[in-house]
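# Coordinate analysis (summary)
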Amino acid sequence: MLNAAFGHAKNMTATGTVKVVSGQLLGFYVNSTTSGTVVLRDGGASGTVLCGTITPAIGFHRFPAVFQTDLHFTEGGTIDITFFIT
């Protein structure tokens, strides 16, 4: 398993795939939100849920997790979020 202190940034404002191959999520930064929620899955929109529904505040959130297939983000409400992945 990779253990990194930094990663690539990917900004998202809508539901979609964060990374298409396996990797590691280090965390995410919420740039802005209006009752926005986050659900993360490994394996696409119908893949294995990595977390329940999160309603994050603005700022950085450490979320160390490994995904085997891909990392998919489902947005609820309105949120501008940057993921840090390896």
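A brief structural summary.

Here is what the cut-offs are and how they apply
- Residues numbered from 1 in each chain as written.
- Predicted model: local features only at pLDDT ≥ 70, side-chain atom pairs only at ≥ 80, totals over all residues.
- Heavy atoms only, no water.
- Helix = DSSP H or I, 4+ residues; strand = E, 2+ residues; numbered from the N terminus.
- Rg over C-alpha atoms; globule rule 2.2 N^0.38 Å.
- Buried < 20%, exposed > 50% of the residue type's maximum accessible area, 1.4 Å probe, protein only.
- Polar contact = N/O pair within 3.5 Å; in protein donor to acceptor, adjacent residues only side chain to side chain.
- Contact = heavy atoms within 4.5 Å.
- Core = buried A, V, L, I, M, F, W, Y, C linked by side-chain atoms within 4.5 Å.
- Phe/Tyr/Trp six-rings, centres within 6.5 Å; stacked < 30°, edge-to-face > 60°.
- Patch = residues over 30% accessible without salt bridge, like charges linked within 9 Å, V, L, I, M, F, W, Y side chains within 5 Å.
- Areas by Shrake-Rupley, 256 points an atom, 1.4 Å probe, with all protein chains shown as cover.
- Salt bridge = Lys/Arg side-chain N within 4 Å of Asp/Glu carboxyl O.

We now examine the overall build of the protein. Along the backbone of the protein there are zero helices and six strands. Each helix (α) and strand (β) of the protein, taken in turn from the N terminus, gives the series β-β-β-β-β-β. The C-alpha radius of gyration of the protein comes to 12 Å, within 12% of the 12 Å expected for a compact globule of 86 residues. Principal-axis analysis of the C-alpha atoms places the extent of the protein at approximately 35 × 30 × 20 Å. Buried positions account for 43% of the 86 residues belonging to the protein.

Further remarks concern the side chain of threonine 82. For threonine 82, the position within the fold is in strand 6 (residues 71–85). A distance of 3.1 Å separates the side chain of threonine 82 from the side chain of asparagine 31, its partner in a polar contact. Not counting the four nearest positions on each side in its chain, threonine 82 is found in contact with Ala9, Lys10, Asn11, Gly27, Phe28, Tyr29 and Asn31.

So, on to the nonpolar core. Counting residues in hydrophobic clusters, the biggest one holds 17 residues, and the most contacted among them are Leu25, Leu40, Phe73, Ile81 and Phe83. Elements that contribute at least two residues to this core include exactly strand 3 (23–42), strand 5 (59–67) and strand 6. If near-sequence neighbours (up to four positions away) are discounted, leucine 40 is found in contact with Leu25, Thr48, Val49, Leu50, Cys51, Phe63, Leu71, His72, Phe73 and Phe83.

A few words now on the packing of aromatic side chains. Under the criterion given, the structure shown has four aromatic pairs. One aromatic cluster in this structure is built from Phe28, Phe63, Phe73 and Phe83.

Turning our eyes to something else, we now look at a nonpolar patch on the surface. On the surface, a nonpolar cluster with roughly 310 Å² of combined accessible area is contributed by Tyr29, Ile58 and Phe60. With respect to the helices and strands, tyrosine 29 occurs in strand 3.

We now examine the environment of leucine 26. Along the polypeptide, leucine 26 turns up in strand 3. With a relative accessible area of 13%, leucine 26 lands in the buried category.

Everything listed here is a matter of coordinates, which is why it stays silent on function.
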